[in-house]
Amino acid sequence: MHNYQFHEISTYGGNTSCVEIIAGNERIACDMGTGFRLLGNALFGEVFKTKILRLTVLLSHLHWDHIQGLPFFGELYLNKESGFKNDFTFYGGTNWQSGVESCLQGQMDPPLFPVSFKEIEDQTAKLQMNTVHDQMSFKIGEAVVKTRKLNHPQETYGYRIEHSGKVFVYATDNEPYDPLYPDPKLLDLAKGADVLVIDCQYTKNIYEGKVGGVPRHGWGHSYPEAVAQIALQAGVKKMTLFHHDPASTDEQIYQMEQNTQNLVHALGGNTKVIAAYEGLEIEL
Ligand SMILES: [Zn+2]
Ligand SMILES: [Zn+2]
């Protein structure tokens, strides 16, 4: 009987970056791409019962594919006049001249969207904006969060979340300086991670422009040969390939997963490699 592979019976999905983390009583979202809309939908039932959503958002950076889900996050419109006590906290870099707040405001300014971010700020029970920088450490409840700067156009951060002896690392939108020698900042961030979510957008051939058009140097994304080294050198237990290329088919993403797993094994590593798909849940 034919043994079907994931890409033959399902799809990795096409929404942009959003990962939810539950750490004890805390709910954290890494990035607010279009997947953020689905997170809002999934939480509606619970929020209507409890009348509160307490959520901390860690923004890798402010490129559109990481913030465009915000205006479509339903809980934004459950305001204090209706009895909702929502409590939103956003962390992100300064993105050169503009802070987190002005960028989130900007994408909802008229005529880009019918509700302004200012209205949301006025009508939400609690809403805070915090700026991060490299090597910062702060707490979200009992979870300890650490930041490291990544290599991507404009200011971009990876986040390490430690809770109950487990380590989750979110490091997307990152380009290797040298595939054989991972950036020490990234190794520091990912050291001993139980789960590392890592940018792996291209194949090496696409990155180098040998196929698929122009080289992608300087575009801020990675490929299997580089992330396999990170898995090995940082001693990562499970690595999730993330930020798939919109041009990749399901089969190409599956091949990238297999290729990365083979590269890890060839280097003598035992990291389990998984290509991220929508709805993937991992218990640490
Ligand atoms: Zn980006
Ligand atoms: Zn991106």
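The structure under discussion appears in the preceding block.
Residues numbered from 1 in each chain as written. Chains lettered and ligands numbered in written order. Predicted model: local features only at pLDDT ≥ 70, side-chain atom pairs only at ≥ 80, totals over all residues. Heavy atoms only, no water.

### Some points on the coordination of the zinc ion (ligand 1)
- Protein-derived ligands of the zinc ion (ligand 1) are His 61 (NE2), His 63 (ND1), His 152 (NE2) and Asp 173 (OD), with the metal-ligand distances lying across 2.1 to 2.6 Å.
- Classification of the site at the zinc ion (ligand 1) as irregular follows from its four donor atoms and the range of 85 to 173° in their angles at the metal.
- Mapped onto the sequence, the donors of the zinc ion (ligand 1) take the spacing H-x1-H-x88-H-x20-D.
- Here the zinc ion (ligand 1) and the zinc ion (ligand 2) are spaced 3.5 Å apart, and both take Asp 173 as a donor. Of the two residues, His 63 is situated in the loop between β3 (54-58) and β4 (87-92) and Asp 173 in the loop between β9 (166-171) and α5 (184-190); the sequence distance between them amounts to 110 residues.
- Among the residues examined, His 63 registers a relative accessible area of 22% and is labelled partly exposed. (Donors = N, O, S within 2.8 Å, 3.2 Å for Na, K, Ca; no water. Tetrahedral: all angles 85-135°; square planar, octahedral: opposite > 155°, others 65-115°. Helix = DSSP H or I, 4+ residues; strand = E, 2+ residues; numbered from the N terminus. Buried < 20%, exposed > 50% of the residue type's maximum accessible area, 1.4 Å probe, protein only.)

### Quick notes on helix α2 (residues 35-50)
- Under the 1.5 Å per step criterion, the end-to-end length of α2 is 23 Å for 16 residues, consistent within 8% with the ideal 22 Å.
- Along α2, the residues classified as buried are Gly 35, Phe 36, Leu 39, Gly 40, Leu 43 and Val 47.
- On its buried face, α2 sits against β1 (19-23), β2 (26-30) and β3.
- Of the residues flanking the end of α2, it is Lys 51, one or two places downstream, whose phi is positive at about 65°. (Expected span 1.5 Å × (residues − 1). Contact = heavy atoms within 4.5 Å.)

### Looking at unusual backbone geometry
- Cis geometry marks the peptide bond from Pro 110 to Pro 111; its omega dihedral reads 5°.
- Mapping Pro 111 onto the fold places it in the loop between α3 (100-106) and α4 (117-123).
- Positive phi is not limited to glycine here, since His 243 has a value of about 60°.
- By the element assignment, His 243 lies in the loop between β11 (238-242) and α8 (250-266).
- Judged by relative accessible area, which is 13%, His 243 ranks as buried.

### Digging into the packing of helix α7 (residues 224-234) against α8
- Interaxial distance between α7 and α8 falls to 9 Å at its minimum, and their mutual angle equals 45°. One way to sum up the angle between α7 and α8 is to call them oblique. For the element pair α7 and α8, the recorded crossing hand is right-handed. Residues Pro 224, Glu 225, Val 227, Ala 228 and Ala 231 of α7 form the contact with α8, whose own contacting residues are Met 256, Asn 259, Thr 260, Leu 263 and Val 264.
- The residue makeup of the contact of α7 with α8, split by class, is seven nonpolar, two polar and one charged. (Axes fitted to C-alpha atoms, helices over the stretch in contact; angles between N-to-C directions. Parallel < 35°, antiparallel > 145°, perpendicular 65-115°, else oblique. Left-handed = near helix turned anticlockwise from the far one by under 90°. Nonpolar A, V, L, I, M, F, W, Y, C, P; charged D, E, K, R; others polar.)

### Some remarks on the coordination of the zinc ion (ligand 2)
- Within the protein, the zinc ion (ligand 2) binds to Asp 65 (OD), His 66 (NE2), Asp 173 (OD) and His 243 (NE2); these donor distances fall in the range 2.1 to 2.2 Å.
- For the zinc ion (ligand 2), the four donor atoms are set out with angles of 87 to 171° between them, so the coordination reads as irregular.
- Coordination of the zinc ion (ligand 2) draws on donor residues from a single chain, spaced D-H-x106-D-x69-H in sequence.
- The class for Asp 65 is partly exposed, based on a relative accessible area of 22%.

### Description of the sheet that holds β1
- Reading across from one edge, β1-β2-β3-β4-β5 is the order of the five strands in this open sheet, with mixed pairing throughout. At either end of the open sheet lies a strand with only one pairing partner, and these are β1 and β5 (126-131). Averaged over all pairs of adjacent strands, the angle between their axes in this sheet comes to 20°, without regard to strand direction.
- The pairing of β1 with β2 spans five bridges and is antiparallel. Looking at β2, one finds that Ala 23 is bridged to Glu 26. (Pairing = 2+ DSSP bridges.)

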